[in-house]
Amino acid sequence: MSPVGQRPLSARGRSREGSRDSAAPLFSFHPDRKTKHMFKLTHPKLVTLAEAEGYADVVDFLEDHAQGCIVPAICMAPDCDHTAELEPDQRAGFCEACGRPSMKCGLVIAGMN
Ligand SMILES: [Zn+2]
């Protein structure tokens, strides 16, 4: 299985309760015992980012944003939890809060990008 695939531009803004059953889902993220070791779903920054975006579960957060062309990112500095929307593969984005190039996209933190 290859969770990192093509991301159509139209995927942005997809409703969580949308018509997922009308077509085969572009992306399915159901971690089992094996994939949980592949993805860092318990990374503190990832949990913080998911919560900042209103998700109680990191998996829901990743599932919603895995297809996005702009996705939430968080500053990886220990004393900064600034969030912003950046490119899905961003791993050294400029943080507007602390001025460091430490903004990392949630998908990158999870090990998906
Ligand atoms: Zn920062």
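Residues numbered from 1 in each chain as written. Predicted model: local features only at pLDDT ≥ 70, side-chain atom pairs only at ≥ 80, totals over all residues.

Draft legend 1. Representation of the overall build of the protein. If you tally the helices and strands in the protein, you get 4 helices and 3 strands. Along the protein, helices and strands appear, N-terminal first, in the series α-α-α-β-β-β-α. When the 113 residues of the protein are sorted by exposure, 30% land in the buried category. Considering only intrachain contacts with a sequence separation of at least 6, the fraction spanning at least 24 residues in the protein is 50%. (Helix = DSSP H or I, 4+ residues; strand = E, 2+ residues; numbered from the N terminus. Buried ≥ 20, exposed ≤ 12 C-beta atoms within 10 Å, placed from the backbone. Contact = placed C-beta atoms within 7 Å.)

Draft legend 2. A look at the nonpolar core. With 23 residues, the main nonpolar core has L46, A50, V58, L62, C105, L107 and A110 as its most contacted residues. Ranked by residues supplied to this core, first place goes to strand β1 (residues 71–75) with 4 residues. Among residues more than four places away in sequence, those in contact with A50 are Y55, V58 and F61. (Core = buried A, V, L, I, M, F, W, Y, C linked by C-beta atoms within 7 Å.)

Draft legend 3. Spatial organisation of helix α3 (residues 58–65). Considered for burial, the residues of α3 that qualify are V58, F61, L62, D64 and H65. In a view along the axis of α3, the buried residues occupy a sector of 165 degrees, so they form one face of it. On the buried face of α3, the contacting elements are α2 (44–52), β1 and α4 (106–109). (Arc of directions from axis to C-beta.)

Draft legend 4. How the structure looks around the sheet that holds β1. In spatial order, the strands read β2-β1-β3; together these 3 strands make up an open sheet with antiparallel pairing. Two strands close off the open sheet at either side, each with one partner strand: β2 (83–86) and β3 (103–105). Here the strands of the sheet are splayed against their neighbours by 40 degrees on average, with no regard to which way each runs. Bridging between β1 and β3 involves 3 bridges; their strand directions are antiparallel. Across the sheet, the residue bridging to I74 is K104, located in β3. Against the sheet, α2 makes contact with β1 and β2, and its axis sits at roughly 130 degrees relative to β1, the strand it touches most. (Pairing = 2+ DSSP bridges. Axes fitted to C-alpha atoms, helices over the stretch in contact; angles between N-to-C directions.)

Draft legend 5. Quick peek at the environment of H65. Summarising the element assignment, H65 is placed in helix α3. Residue class for H65 comes out buried when judged on the 26 C-beta atoms lying within 10 Å of it. Along the backbone, H65 and L107 are 42 residues apart, and their C-alpha atoms lie at a distance of 8.0 Å. Setting aside its immediate chain neighbours within four residues, H65 contacts V71, P72, G106 and L107.

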